[in-house]
Amino acid sequence: PLLESDVLAPAIQKLIQTMTITMHKAPGVGLAAPQIGESIQLIVIEDKPEYLKKAPAYLLSLQERKPVPFHVLINPKIIYCETDEKVIFFEGCLSMAGFVGLVPRTLAVTVTALNEQAQPVTIHAYGWYARILQHEIDHLQGKLCIDHANISSWMTIDNYLAYWRDQDIAEVRRKFSTAEKIYTALT
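The text that follows walks through the structure, step by step, so that each part is easy to find.

With that settled, consider unusual backbone geometry. That bond from Ala-26 to Pro-27 is cis: its omega, -15 degrees, falls within 30 degrees of zero. Take Pro-27: it is sitting in the loop between helix H2 (10–25) and strand E1 (30–32). You will see that Glu-64, though not glycine, has its phi angle at about 55 degrees, which is positive. Structurally, the position occupied by Glu-64 is in the loop between helix H4 (57–63) and strand E3 (68–81). Positive phi values are uncommon outside glycine, yet Asn-75 reaches one of about 55 degrees. Within the fold, Asn-75 resides in strand E3. Judged by relative accessible area, Asn-75 falls into the buried class, the value being 16%.

See the structure below:
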């Protein structure tokens, strides 16, 4: 964790700029400091409108995905999950670029943190934004999305785009659930 006094230090402010550039160049919707070798509780997030243009409209609706403006979270903590219900969608990660898998995530979360001015913030997030927050906060705890994924669904992005992206997500979930059951029974 960072102390409030550390947040305004030039080194942390410079790191925020570096992380933002790195996230945008990837491109990604979030980046956690541990992903670039910094063992501190700092994440940057932005889901740009142009990223959403690449996704099918029906999928954006199912994911409840909307643009998320740029922001910084320091020492973020999930303090509340609105429901135990998990929603499963394909998810990728800049730490494992070029791969995606089906990952269950809670649909709504409340997060507390400090912003880049060391001011406390509380975020109530729903849908895809809640997924982004959970994903990035996982990095701060040493976890990757593959740790939560249905392992039989792990694939290259090229494979996903060629065969799975435009399929009905309920049918995709069913197929991979069956494959996971078979894999578990064999091992």
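A few words now on the sheet that holds strand E6 (residues 108–114). The antiparallel open sheet is built from 5 strands, whose spatial order is E1-E2-E3-E6-E7. Because the sheet does not close on itself, it has two edges, and the strands there are E1 and strand E7 (120–126). Along the sheet, successive strands turn relative to each other by an average axial angle of 40 degrees, direction set aside. Relative to E7, E6 runs antiparallel, the two being bridged by 7 bridges. Bridge assignment links Thr-112 to a residue of E7, and that residue is Thr-122. Against the sheet, H2 makes contact with E1, strand E2 (42–47) and E3, and its axis sits at roughly 40 degrees relative to E2, the strand it touches most. Across the sheet, helix H5 (residues 128–140) is in contact with E1, E2, E3, E6 and E7; its angle to E2 comes to roughly 155 degrees.

Computed from the structure, the largest pocket encloses a volume of approximately 1,000 Å³. Lining the largest pocket are 37 residues, and of these Arg-65, Gly-92, Val-100, Trp-128 and Ile-157 sit closest to its centre. At the level of elements, H4, strand E4 (86–92), strand E5 (99–106), H5, helix H6 (157–164) and helix H7 (169–186) are the ones that each hand at least two residues to the lining of the largest pocket. Among the elements that line the lining of the largest pocket, the one with the most residues is H5, at 5 residues. Of the residues in the lining of the largest pocket, the class split is 23 nonpolar, 8 polar and 6 charged. Computed from the structure, the second largest pocket encloses a volume of approximately 200 Å³.

This paragraph deals with the pattern of salt bridges. Taken as a whole and judged by the stated rule, the model has 6 salt bridges. With a closest N to O distance of 4.0 Å, Glu-50 and Lys-48 form a salt bridge. Residue classification places Glu-50 among the partly exposed residues on the basis of a relative accessible area of 39%. The salt bridge involving Arg-174 is made with Glu-171; its shortest N-O contact spans 2.5 Å.

Using the criterion set out here, one finds 1 cavity of 30 Å³ or more in the structure. By volume, the largest cavity is sized at about 50 Å³. Every residue lining the largest cavity is listed: Leu-62, Gln-63, Val-87, Phe-89, Thr-106, Leu-107, Gly-127, Trp-128 and Arg-131. When contributions to the lining of the largest cavity are tallied by element, the ones reaching two or more residues are H4, E4 and H5. Its residues assigned to classes, the lining of the largest cavity shows 5 nonpolar, 3 polar and 1 charged.

The rules behind each value
- Residues numbered from 1 in each chain as written.
- Predicted model: local features only at pLDDT ≥ 70, side-chain atom pairs only at ≥ 80, totals over all residues.
- Heavy atoms only, no water.
- Helix = DSSP H or I, 4+ residues; strand = E, 2+ residues; numbered from the N terminus.
- Buried < 20%, exposed > 50% of the residue type's maximum accessible area, 1.4 Å probe, protein only.
- Pairing = 2+ DSSP bridges.
- Axes fitted to C-alpha atoms, helices over the stretch in contact; angles between N-to-C directions.
- Contact = heavy atoms within 4.5 Å.
- 1 Å grid on protein atoms, 1.4 Å probe; cavity = no way out; pocket = protein on both sides within 12 Å on 5 of 7 lines; lining within 4 Å.
- Points joined across faces, edges and corners; volume = space filled by probe spheres on them.
- Nonpolar A, V, L, I, M, F, W, Y, C, P; charged D, E, K, R; others polar.
- Salt bridge = Lys/Arg side-chain N within 4 Å of Asp/Glu carboxyl O.

Spatial relationships are all this shows, so hold off on functional conclusions.
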